[in-house]
Protein chains: 2
Amino acid sequence: MAPTAVTPVSPPSPTLDSTSKLTKAGTENTIAKTVSNTAPAVAELDASKCTITPTLNPKRVPAPNSPEVWSQGYTSDHMLTARWTEKSGWESPEIRPYGPLSIMPTASVLHYATECFEGMKAYRGDDGKVRLFRPDRNAKRFLQSATRIALPGFAPEEFLKLLKRFVGFEASKWISEPGHFIYIRPTMIATAPALGVQKPREALLYIMMVMFPALDEPTAVPTSPSSGTQMGQEAKGAKGMRLLASNHDMIRAWPGGFGSAKVGANYGPSLVAQGEARERGYNQILWLFGEECYVTEAGGSNFFVLWINESGKKELVTAPLGDGVILEGVTRASVLDLVRRSRPDVEVVERKFTMEELIKAEKEGRLLEGFGAGTAFFIAPVADIHFRGTDVVFPLGKGGDAEFAMGIKKDLKDVMYGRASHEWGVVVPEEKVY
Amino acid sequence: MAPTAVTPVSPPSPTLDSTSKLTKAGTENTIAKTVSNTAPAVAELDASKCTITPTLNPKRVPAPNSPEVWSQGYTSDHMLTARWTEKSGWESPEIRPYGPLSIMPTASVLHYATECFEGMKAYRGDDGKVRLFRPDRNAKRFLQSATRIALPGFAPEEFLKLLKRFVGFEASKWISEPGHFIYIRPTMIATAPALGVQKPREALLYIMMVMFPALDEPTAVPTSPSSGTQMGQEAKGAKGMRLLASNHDMIRAWPGGFGSAKVGANYGPSLVAQGEARERGYNQILWLFGEECYVTEAGGSNFFVLWINESGKKELVTAPLGDGVILEGVTRASVLDLVRRSRPDVEVVERKFTMEELIKAEKEGRLLEGFGAGTAFFIAPVADIHFRGTDVVFPLGKGGDAEFAMGIKKDLKDVMYGRASHEWGVVVPEEKVY
């Protein structure tokens, strides 16, 4: 494996090395003060200015399901970077060899979590074309997250152009086979080397591609708990996810907080609870909220329940947006759209619902299916939920199936892999570089 | 200023460069799985193993109150680093030239806010000795914060030894004059290059020293709003801080969250509200919580009010610990201890109190003083609070003084600068290296 690992530390890069700014901050402030009254025009993010520096050390593409892929750290050959400063705005984006970032120990991102990201995938369709799934939604949310964490804004359409350019540059080598996909991680971090708790003055936007296993497939290889990925794989496939409901002393998000933004601050603080869930044999935490034990999200995914409601109708329910607790997932929105359009027999509601309702539905035989919905784990059916001494078991956990969830999954996959023509599947033009 | 700014990008450092681990993750997992059953002994943090690599490019010490100092990004010559891996535990700590970190774009800290820090100061006393103020409290809290964010643990006393060693190494040059101080920032970040949302497998602990202006002094230089530091300086000195009360749509922390831990996730999400406060002419946000509008913290400081309570007694009140919303500040604890010990005329209570109580007290002429208490801003008296159309004005804001707060400040300063002998002031042995 050695050859792919020798990505060298980059030489001091003009887009990343901020040491030369260190002692200039004071004088720059003075300048900024003078100029700010005249509203200086700073550069906007501009995809047409993107430059390309190809790698001189191409990496090997690891086999699907190999340890490198399971590490969730094996990237493609390049990354796209764009630097921003308060003074000058966005510099020219650059596609360049993937490698370490040079970040000052004082950088805001390392202290104040001034960071946000997106998660998406690119798919090689049966027709040989590469597609993104509703990337406009990710672009819009990326901007919203950046704004929530005081990072700089940008035109979502320019970001989208950059994303397509980057994917089109890497795709022929890194998603070479129909039916394959790769995970894409756009990220923005605050890099200015100063400890003041203040709005970022320098930032770096970067996009990278990371090989991911198909976490939703029954063929997924079980790994040790300590090496586990987001959901753990032990209970995948036919049996479904096992969820541990969170306690009052571990709350993921709060109205007026930032649970609806894809910012780092939502993830790190969840790791302790998640680790406890794993140790107790569960795949993920089911995040509850309030004395009422409202059901919110499952791990890093939105959460859906299919049941017969108290009026005797088949209903799909998920927690509502609006109070800042729930992430507006692209998969979540697509599931809602799809079911509303194609399943007139199923009522679709976005409302608060509680563990008590789930328990009652199970007792009365009305509980049909539960599933997580997100990019990394796609559609992940749930077997059971452990809630303070009680197990709420879905039919899947009793040897049944998850036909409804699997149907949604198939429909979405058909769009992703070009088996069904749909505006959600956006074809990316490729540059033949390899 | 050029000479001090040419800190080069470090050559690939064995303690920081994680690229060589990239493709080994998979195989390491297998090993970890095998070994984990036999509970392998991993190395503890050990201060006695600390090595020293002195800088070859010593920096100039900037003048107090110079632009470099106001930038809050000008560090001393060295930093202390210690790397940790899940497999091997803590590696030997190292004091080495300050410079950029090489961090992989996939590192957990850049995506999931797996980071925590401490804030403290070292003071050169009138007797020529260097002191830390209650550093055992910072060491203990640093461990608590690391644990809350799933970062590795350590023996607080070993951390304390490292801290003293580092301070003792830098002090003769960087805190050369009696009455001077420097800010110290211990930090821990998760560095493993993998995108799985999981407990960090690699981490870096580092300690650095940053030149800080005396943010609490009336002599503090006003700077432009865009260059402002944590509190802004315009309203400092005689007039005191102006606070803007937060709205329901912007909550700093919640019960069951992580407001009591010094983790990055508490800071980044506060920047938007803070920026709005600055633009409206206030220095900081006064963070309220709940429908009741409980008063919690002011900016990054704990918040105290001195008033005549409804029973007619002089009372010092601050929000209580225990539900995870309030940071257990070292200055907070010291103010409480000091007043309880030295001011029998003042009752000291830690309880929830609301904006309504403050407004009532002001109307009835019972409001005496308000002040923020923390390491960076020390004791910062408040002039007024703007709360939804109403201004709650302290006597200081009407031309009065803040005698009580200033008295506390003097007493604490006497300990910090060795003017009064007290166990809170911990002398640091110095190595004469410059």
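Being a predicted model, the structure only gives us computed values, none of them experimental.

In this model, helix α8 (residues 330-342) of chain A (13 residues) spans 18 Å end to end at C-alpha, consistent with the 18 Å of a helix rising 1.5 Å per residue. Of the positions making up α8 of chain A, those classed as buried are Val330, Thr331, Arg332, Ala333, Ser334, Val335, Leu336, Leu338 and Val339 of chain A.

Here we take up helix α9 (residues 355-363) of chain A. For an α-helix, 3.6 residues make a turn, and residues three or four places apart therefore share a direction. All names here are of chain A. Within the span of α9, buried status applies to Met355, Leu358, Ile359, Ala361 and Glu362. Here the buried residues of α9 occupy an arc of 165° about the axis, which is enough to place them on one side. For α9, the exposed residues lying more than 90 degrees away from the buried face are Glu356 and Lys363. Looking at the buried side of α9, the elements it contacts are β12 (284-289), β13 (294-298), β14 (301-308), β17 (367-374), β18 (378-387) and β19 (390-393). After α9 finishes, the residue Gly365 shows a positive phi value of roughly 70°.

Bringing the packing of α8 of chain A against helix α10 (residues 403-416) of chain A into the picture now. Residue and element names in this part refer to chain A. Taken N-terminus to C-terminus, the directions of α8 and α10 make an angle of 105°; their axes are 11 Å apart at the nearest point. What the angle tells us is that α8 and α10 run roughly perpendicular. Only Phe404, Ile408, Asp411 and Leu412 of α10 make contact with α8, whose side of the interface consists of Thr331, Ser334, Val335, Leu338 and Val339. Within the contact of α8 with α10, the residues separate by chemical class into six nonpolar, two polar and one charged.

This part takes up the environment of Lys363 of chain A. Residue and element names in this part refer to chain A. Mapped onto the elements of the fold, Lys363 is located in helix α9. By relative accessible area, Lys363 is classed as exposed at 71%. In this structure the C-alpha to C-alpha distance between Lys363 and Val393, which are 30 residues apart in sequence, comes to 9.8 Å.

Time to look at the nonpolar core. Counting 106 residues, the largest nonpolar core has Leu110, Val335 and Leu412 of chain A together with Leu110, Val335 and Leu412 of chain B as its most contacted members. For Val335 of chain A, the contacting residues outside a window of four places in its chain are Phe304, Leu316, Phe371, Ala373, Ile379, Ile408 and Leu412 of chain A. Core analysis: the second largest hydrophobic core is formed by 95 residues, Ala82, Ala139 and Ala171 of chain A together with Leu45 of chain B among them.

All right, on to the domain arrangement of chain A then. The extent of an interface is frequently quoted as the accessible surface area lost upon association of the parts. Residues and elements named next belong to chain A. Domain boundaries in chain A define domain 1 (40-210) and domain 2 (241-416). On a C-alpha basis, the centres of domain 1 and domain 2 stand 29 Å from each other. Across the contact, 18 residues belong to domain 1 and 20 residues belong to domain 2. Summing both sides of the interface, domain 1 and domain 2 together bury roughly 1800 Å²; the carbon and sulfur share of this comes to 61%. When residues of domain 1 are sorted by the area they lose upon contact with domain 2, Phe117, Phe133 and Arg141 head the list and together hold 34% of the total. Among the ionic pairs, Arg134 bridges to Asp337, the shortest N-O distance being 3.5 Å.

A few words on the pattern of salt bridges. Residues and elements named next belong to chain A. One pass over the full model with this rule turns up 50 salt bridges over all chains. Arg252 is the salt-bridge partner of Glu297, the closest N and O atoms lying 3.3 Å from each other. Taken together, the residues Glu297 in strand β13 and Arg252 in the loop between β11 (241-245) and α7 (271-279) connect sequence positions 45 residues apart. On the basis of relative accessibility, which here comes to 10%, the residue Arg252 falls in the buried class. A salt bridge links Glu364 to Arg366, with the nearest nitrogen and oxygen atoms 2.9 Å apart. For Glu364, a relative accessible area of 42% corresponds to the partly exposed category. Overlapping salt bridges, with partners in common, bring together Glu310, Lys360, Glu364 and Arg366 in one network.

For the rest of this paragraph, the subject is the side chain of Arg332 of chain A. With respect to the secondary-structure elements, Arg332 of chain A resides in helix α8. In contact with Arg332 of chain A, other than residues within four places in its own chain, are Asn302, Phe304, Thr318, Ala319, Pro320, Leu321, Ile326, Leu327 and Glu350 of chain A.

The description of an aromatic ring pair rests on the distance of the ring centres and on the angle between the ring planes. Evaluation of the coordinates by the stated rule reveals 33 aromatic pairs over all chains. Between the aromatic rings of Trp254 of chain A and Phe289 of chain B, the centroid separation amounts to 5.4 Å while the plane-to-plane angle is 45°, which identifies the pairing as tilted. Taken as a pair, Trp254 of chain A in the loop between β11 and α7 and Phe289 of chain B in strand β12 (residues 284-289) lie in two separate chains rather than in one. Among the aromatic residues, those joined into a ring-pair cluster are Trp254, Phe258 and Phe289 of chain A together with Trp254, Phe258 and Phe289 of chain B. Between the NZ or CZ atom of Lys121 of chain A and the centre of the ring of Phe181 of chain A, over which it lies, the distance is 4.6 Å. Between the NZ or CZ atom of Lys352 of chain B and the centre of the ring of Tyr294 of chain B, over which it lies, the distance is 5.1 Å.

Residues and elements named next belong to chain B. Of all ten residues making up strand β18 (residues 378-387), ten are buried, and the element is well covered by its neighbours. Pairing of strand β11 (residues 241-245) with β18 involves four bridges; the strand directions are parallel. From the neighbouring strand, Met241 faces β18, where its bridge partner is Val382. In this antiparallel pair of consecutive strands, strand β17 (residues 367-374) and β18, the connection spans three residues. Across four bridges, the pairing between β18 and strand β19 (residues 390-393) is antiparallel. Residue Phe387 lies in a different strand from β19, and its bridge partner there is Thr390. If you look at the hairpin formed by β18 and β19, you'll find two residues sitting between the two strands, and Arg388 has a positive phi there, around 45°.

On to the pairing of strand β7 (residues 120-124) of chain B, then. All names here are of chain B. Counting buried positions over the five residues of β7 gives five, a clear majority of the element. Of the two faces of β7, the one holding Met120, Ala122 and Arg124 and the one holding Lys121 and Tyr123 are both buried throughout. The pairing of β7 with strand β9 (residues 181-190) spans four bridges and is classified as antiparallel. Opposite Lys121, over in β9, you have Tyr183 as the bridge partner.

A word on the UniProt feature "modified residue: N6-(pyridoxal phosphate)lysine" (unreviewed entry) in chain A. UniProt's feature table lists "modified residue: N6-(pyridoxal phosphate)lysine" (unreviewed entry) at Lys262 of chain A, given in the numbering used throughout. By the element assignment, Lys262 of chain A lies in the loop between β11 and α7.

Here the focus is the side chain of Asn302 of chain B. All names here are of chain B. Secondary-structure assignment places Asn302 in strand β14 (residues 301-308). For Asn302, a relative accessible area of 4% puts it in the buried group. Here the side chain of Asn302 touches Gly329 through a polar contact of 3.4 Å, landing on its backbone nitrogen. Setting aside residues no more than four positions away along its own chain, Asn302 makes contact with Glu297, Ile326, Leu327, Gly329, Arg332, Phe371, Gly372 and Ala373.

Definitions and cut-offs
Residues numbered from 1 in each chain as written. Chains lettered and ligands numbered in written order. Predicted model: local features only at pLDDT ≥ 70, side-chain atom pairs only at ≥ 80, totals over all residues. Heavy atoms only, no water. Helix = DSSP H or I, 4+ residues; strand = E, 2+ residues; numbered from the N terminus. Expected span 1.5 Å × (residues − 1). Buried < 20%, exposed > 50% of the residue type's maximum accessible area, 1.4 Å probe, protein only. Arc of directions from axis to C-beta. Contact = heavy atoms within 4.5 Å. Axes fitted to C-alpha atoms, helices over the stretch in contact; angles between N-to-C directions. Parallel < 35°, antiparallel > 145°, perpendicular 65-115°, else oblique. Nonpolar A, V, L, I, M, F, W, Y, C, P; charged D, E, K, R; others polar. Core = buried A, V, L, I, M, F, W, Y, C linked by side-chain atoms within 4.5 Å. Domains from an automatic or database assignment. Buried area = accessible area lost by both parts, 1.4 Å probe. Salt bridge = Lys/Arg side-chain N within 4 Å of Asp/Glu carboxyl O. Phe/Tyr/Trp six-rings, centres within 6.5 Å; stacked < 30°, edge-to-face > 60°. Lys NZ or Arg CZ within 6 Å of the ring centre and 35° of its normal. Pairing = 2+ DSSP bridges. UniProt positions renumbered as here; feature names shortened; annotations may be inferred. Polar contact = N/O pair within 3.5 Å; in protein donor to acceptor, adjacent residues only side chain to side chain.

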